[in-house]
Structures are given as C-alpha cells and as structure tokens.
Amino acid sequence: MASMSDFRRVADNVRNWGRWGEADELGTLNFITPENVAEAAGLVKHGKVFPLGVDFGSSGPQGAFHFRQNPLHVMTIDGGDAATLLEYGPKWLQNPAAAQLAGYFEGNPMRFNDDIIIMPLQAATQWDALSHVYYEDYLYNGFPADSVTSAGAFYCGIDKVDSKGITSRGVLLDIVRLRGVDTYCEMGNPITPDELDAAAKAQGVTVRRGDIVLVRTGWWARFLETGDGGEPGAGLDWTCASWLHDHEVAAVAADNLMVENPVSGIDGAFLPMHMLCLRDMGLMLGEYWDLTALAADCAADGVYEFQLVAPPLRVTGAVGSPINPIAIK
C-alpha cells in the first residue's frame, strides 16, 4: 500500500497546469491535432462501424448506487392519447396543453409521440469532465473548486471540450485477452502499466501522443450476465496515471464502472487515479463503454487501431456527459 507522500510525488510529476496556458480548460485533449484527426480518418479501411455505447434504460448499471439512478424514460404523448384528447381537449380549458394538442389532431390524420428522459448525466456510457473530481480546493489548471456551483461548472465543464469534437486515433488494449480469462478481470489483480505495455506489444500496436486509449476489462460483459451493477472488477492501478502521462494520451476509457481499480492502492485516498487524471493531468475518463464487439473484430483481423468519434453533449456547465462513441475500421 502506497502512502499519500507517494501520491503527491506522482501528482507533481504528472501535473499539466500551465502547460497549455493559464486559461486552458481542455487538458490533454490539446494533444489531438488536425494531423491526429486526419490520420485517424485514414485508418478506416472497410467501413465497419462499432457503437461502443450501452443502453440508457431502467436495467442499466446504476441501480446499486444511491447517489445515481438509472434513467427514467417517460412518454408525454402517445397513440393512446389522441382519441381522449379529441373528445375532451377542446373543453379542457384548465389544461392549455391538452387543448392545444386537440387542435393539432382535429380534422387531419397526423398524430405524433413525444417523450422525455430524466437521468444523471453519468448514468451509463459517458465522459467525466475535468470539473468532475477535485481535491484540496482546486480543479484542473488551478481553477478554484468553488467555481462549480449549483448553477454548474464555470470552469472545465463538459461544454468546453466541444470544440475538439473528441475524435482521434483509438487504440484498444485488451486485458481480458492478454490474461486469457473467460469473461472479465476479477477484482484482486489490478491492471498495471507493465500489462498495458504487454497488451500493446502482443497486439502489435504502439500508443502515441494524441491517442484515445480504450482498456477492455470485460466488466460490461459480466454485467450483462449478472445484472449486478455494483459487482467490482479489476481496473487500472493508480500507477497507470504515470503511464498515461508518459505516453501523452488524449483520453482513456474502459468498459467498467470507474476505469481505475476499486481498491485504492493508496492509504487515505479514494479513487486516486481520478484525482491524478482529472485534476492534475487534465485527462478525461470514459466509463461504461461496451468494447466486446470491437475486441472480437480486432482479435479477428489483428488490427487494434481505428478512428474513434466520441463527442459529448454540449450541456452547459455539466461535469459529465452521456455519449454513444463509435469506432470505425
């Protein structure tokens, strides 16, 4: 078990504050250049598309966590409403919406359905914004933590990264395949920097500046078997933050619930890699990505690089965003 002194030494080594200027809110997304984007587009050889997002619904992974709930999807207008609205709507003066809908439906065959969704922005496949995690009163690049208020994040909100599009060369590191396990990497054996190197070597791929690294732990496949969103599995050891920093990756995502290993590895710190990546390095984390089909295709053709397109929703001041990332080969 490492100490907080060890943590602070690594934090000092990986901290990117001021690297791209005092006003920077993009962090390691600055590594993605127009050349990176063009190179990623050139990786598309066969037109194969792999959606990496999971379902946003009542059977999602958040039921085990009291501070986040699964999405609630509600129909506001549906086919069963039309006849009732036509009968009662014009007389329903106390309900302007019903009267308005009745006016739309009366005298023509057009009908429509409408719905809403109520959910945490990090309910399923998502990006953590740089404002999501902080410690000792500071966000990434030294912005004050109290700049995130009930009105949202003034600095480092997810809307600030929209200009980058978050598209670059994606690289899959398949730890399930490396370890030779059936479904997923069970908790008790965190993923180390040496394993990331070993996976890249075994797959014949090199992680370069500006890449978005995807790590397959098999957790999502396990969740589909059990439905247990709270079951822990192996994630990246906190020392992988230095590996990500040394390789100058733009972002990292995984198919598990927190990217990093559930067991801290540092005495007195919860989710130390979140702190190092988001707050110190300015590196966004993607969680709950479904990498199963992509991994199967990469194993079949031996190609573990692809174009990755993963833009967030431009939710003003949000500290995370749902996404449906797409890998294209």
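Predicted model, so just to flag it, every value in this text is computed and none were measured.

**Overview of the overall build of the protein chain**
Inference 1: The number of helices and strands found in the protein chain is 10 helices and 13 strands.
Inference 2: Counting across all 329 residues of the protein chain, residues that qualify as buried make up 50%.
Inference 3: The contacts in the protein chain between residues at least 6 apart in sequence include a share of 80% that link residues at least 24 apart.
Inference 4: For the protein chain, the exposed area adds up to about 14800 Å²; of that, 53% sits on carbon and sulfur atoms.
Inference 5: The distance from the centre of the 22 positive side-chain charges to the centre of the 42 negative ones in the protein chain is 5 Å.

**What about the side chain of D174?**
Inference 1: With respect to the helices and strands, D174 occurs in strand β7 (residues 167-174).
Inference 2: Classification of D174 as buried rests on a relative accessible area of 2%.
Inference 3: Side chain to side chain, D174 and R216 meet in a polar contact 3.0 Å long.

**Here's the deal with the pattern of salt bridges**
Inference 1: This model, assessed by the stated rule, comprises 20 salt bridges.
Inference 2: The shortest N-O distance in the salt bridge between R8 and E136 comes to 2.7 Å. One end of the pair, R8, is in helix α1 (residues 4-14); the other, E136, is in the loop between β4 (126-128) and β5 (148-149), with 128 residues separating them in the sequence.
Inference 3: For E136, a relative accessible area of 44% corresponds to the partly exposed category.
Inference 4: Residue R179 is joined to E195 by a salt bridge in which the shortest nitrogen-to-oxygen separation is 2.8 Å. Of this pair, R179 sits in helix α5 (residues 175-179) while E195 sits in helix α6 (residues 193-203), placing them 16 residues apart in sequence.
Inference 5: In this structure R179 comes out as partly exposed when scored by relative accessible area, which is 22%.
Inference 6: Under the relative-accessibility criterion, E195 is labelled buried at 16%.
Inference 7: One connected set of salt bridges, linked through shared partners, spans D12, R15, R279 and D280.

**Observations concerning the domain arrangement of the protein chain**
Inference 1: Considered domain by domain, the protein chain is made up of domain 1 (4-66 + 121-328) and domain 2 (72-118).
Inference 2: For domain 1 and domain 2, the distance between their C-alpha centroids amounts to 43 Å.

**Details of the environment of F56**
Inference 1: On the secondary structure map, F56 appears in the loop between β1 (49-51) and β2 (72-77).
Inference 2: Here F56 falls in the partly exposed class, since its relative accessible area comes to 29%.
Inference 3: Taking the C-alpha atoms as reference points, F56 and M119, separated by 63 residues in sequence, lie 8.9 Å from one another.
Inference 4: Ignoring any residue separated from it by four or fewer positions in sequence, one finds F56 in contact with P71, M119, A124, T125, P322 and I323.

The rules behind these values
- Residues numbered from 1 in each chain as written.
- Predicted model: local features only at pLDDT ≥ 70, side-chain atom pairs only at ≥ 80, totals over all residues.
- Heavy atoms only, no water.
- Helix = DSSP H or I, 4+ residues; strand = E, 2+ residues; numbered from the N terminus.
- Buried < 20%, exposed > 50% of the residue type's maximum accessible area, 1.4 Å probe, protein only.
- Contact = heavy atoms within 4.5 Å.
- Areas by Shrake-Rupley, 256 points an atom, 1.4 Å probe, with all protein chains shown as cover.
- Lys, Arg positive; Asp, Glu negative; His and termini not counted.
- Charge placed at Lys NZ, Arg CZ, Asp CG, Glu CD.
- Polar contact = N/O pair within 3.5 Å; in protein donor to acceptor, adjacent residues only side chain to side chain.
- Salt bridge = Lys/Arg side-chain N within 4 Å of Asp/Glu carboxyl O.
- Domains from an automatic or database assignment.

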